[in-house]
Amino acid sequence: MRLRLFASTATVALALALGTAPAALAQNTQSLTKKEAKKLLKQSQKDLKKAKKASNRADGDAAAEHASNFANNMNRLNRGLSSSHMSDHDMLDVAAKVDEATSRHEQVLMDLLAGDQLPEQARSHVEDALAASLRGHDTATEAVLNRGQVDLPNGMLNNQSAKAAMRKNDALVRQAERAQKRGDNSTVRRSVDQFTANMGTINNAIEHGQVEQSDAISVFDRVNNNTSRHISKLEDLLGTVPEEAQAGIQRALDNSVRGRDMATQALQRSRAASIMAGRRGATGAPTGIGGRPSGAGAGGGRPSGVGGGRPSGAGRPPR
């Protein structure tokens, strides 16, 4: 809460700083590669350490210089990420690193501003640095939410699209976990809501047989394994968030359970059919791939045995 209350004041200071340093930030609108983004993040971390050391020895000029460098690098990173043409996989990786780093940065910068060792001439530069870090955190959050949306090419699940979908759900669950540790329930909710939507897309493809025939066994196996892991993490998250955030996590759990169960049933049928087809020398799609899984209702309901919430009598799936 203290960080967010400070953000508006610091953002005004940042806007003034940007107006007085156009040359230093000339590359802000340029797209970044994954390598360039990581380099900027690493450099900003070095600048912050130097600013802290300079403040501790009461060197106001050095503290101001390093804090200003931090703000410049973070703003180049923020704007570069906003216009980046990185792949979804690379963007999710970079955004997670920025999210983790800015959480640490913000605490260091707040401690500097709250302490009595920071030279007065460096204060405005540290405020600019904090504003840039807060903006970096917001940029990273939005990147995960935007790039974490599952969109199946032609509505089909194959090895490639299933792998990409599970990576996106991994990123969303990890972001929800990081947000929970910060007490950021809004980001927890948004992350699990996007996860739920993603699982709806995946479940719909499985239910309606929109799975590449040649990839069916590996697709179902991937969905089964990944959703089992996600269920475990979501169950842990459910017990740590306020009551108002629990409904969204429960929906995510329900969709994960449904996806896991459909994938498990389809995997068992596909393996059995593949063995039978091999023995008979048959070709074509194995029997049981496509259409509704056994026990699924006409309205897209849960597979047989899956009730509202967690399955009755089911414990946490093996990790």
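Quick caveat, the model's predicted, so the values are computed rather than measured.

(A) Structural detail: the overall build of the protein chain. The helix and strand tally for the protein chain stands at nine helices and zero strands. Listed N to C, the secondary structure of the protein chain is α-α-α-α-α-α-α-α-α in terms of helices and strands. When the 319 residues of the protein chain are sorted by exposure, 48% land in the buried category. Contacts in the protein chain between residues far apart in sequence, at least 24 positions, make up 79% of those at least 6 positions apart. Accessible area for the protein chain stands at about 15,400 Å²; split by element, carbon and sulfur atoms hold 48% of it.

(B) Geometry of the pattern of salt bridges. Under the counting rule described, the total for this entry stands at 19 salt bridges. Across the pair Glu 177 and Lys 233 runs a salt bridge whose closest N-O atoms are separated by 3.9 Å. Linking Glu 177 in helix 6 (residues 159–182) with Lys 233 in helix 8 (residues 216–238), this pair joins segments that are 56 residues apart in sequence. Under the relative-accessibility criterion, Glu 177 is labelled partly exposed at 23%.

(C) The arrangement of the nonpolar core in detail. Ranked by internal contacts, the top residues of the largest apolar core, which has 75 residues, are Leu 77, Leu 81, Leu 109, Leu 157, Ile 202, Ile 206 and Ile 249. Mapped onto this core, the elements with two or more residues apiece are helix 2 (34–56), helix 3 (60–82), helix 4 (88–114), helix 5 (120–147), helix 6, helix 7 (185–207), helix 8 and helix 9 (243–280). Excluding residues within four positions of it along the chain, Ile 249 makes contact with Val 188, Val 192, Leu 234, Leu 237, Leu 238 and Val 241.

(D) Geometry of unusual backbone geometry. Its identity as a non-glycine residue notwithstanding, Ala 58 has a phi of 65°, on the positive side. Its location among the elements puts Ala 58 in the loop between helix 2 and helix 3. Residues other than glycine seldom take positive phi values, yet Asn 154 does so here, at roughly 60°. Residue placement: Asn 154 occurs in the loop between helix 5 and helix 6. With relative accessibility at 75%, the residue Asn 154 sits in the exposed group.

(E) The arrangement of a positive patch on the surface in detail. Taken together, the side chains of Lys 42, Lys 46, Lys 49, Lys 50, Lys 53 and Arg 104 present a region of like positive charge at the surface. The biggest single contributor to the positive patch is helix 2, with five residues. Structurally, Arg 104 is set in helix 4.

(F) Fine view of the side chain of Thr 141. Within the secondary structure layout, Thr 141 lies in helix 5. When residues no more than four places from it in sequence are discounted, the contact partners of Thr 141 are Gln 175 and Thr 187.

(G) Region of interest: the confidence of the model for the protein chain. Of all residues in the protein chain, 77% attain a pLDDT of 70 or more, and the chain-wide mean is 82. Between residues 281–319, whose pLDDT stays under 50, and residues either more than four places distant or in other chains, the model counts 70 contacts.

About the criteria used
Residues numbered from 1 in each chain as written. Predicted model: local features only at pLDDT ≥ 70, side-chain atom pairs only at ≥ 80, totals over all residues. Heavy atoms only, no water. Helix = DSSP H or I, 4+ residues; strand = E, 2+ residues; numbered from the N terminus. Buried < 20%, exposed > 50% of the residue type's maximum accessible area, 1.4 Å probe, protein only. Contact = heavy atoms within 4.5 Å. Areas by Shrake-Rupley, 256 points an atom, 1.4 Å probe, with all protein chains shown as cover. Salt bridge = Lys/Arg side-chain N within 4 Å of Asp/Glu carboxyl O. Core = buried A, V, L, I, M, F, W, Y, C linked by side-chain atoms within 4.5 Å. Patch = residues over 30% accessible without salt bridge, like charges linked within 9 Å, V, L, I, M, F, W, Y side chains within 5 Å. Lys, Arg positive; Asp, Glu negative; His and termini not counted. Charge placed at Lys NZ, Arg CZ, Asp CG, Glu CD. pLDDT = per-residue confidence, 0-100.

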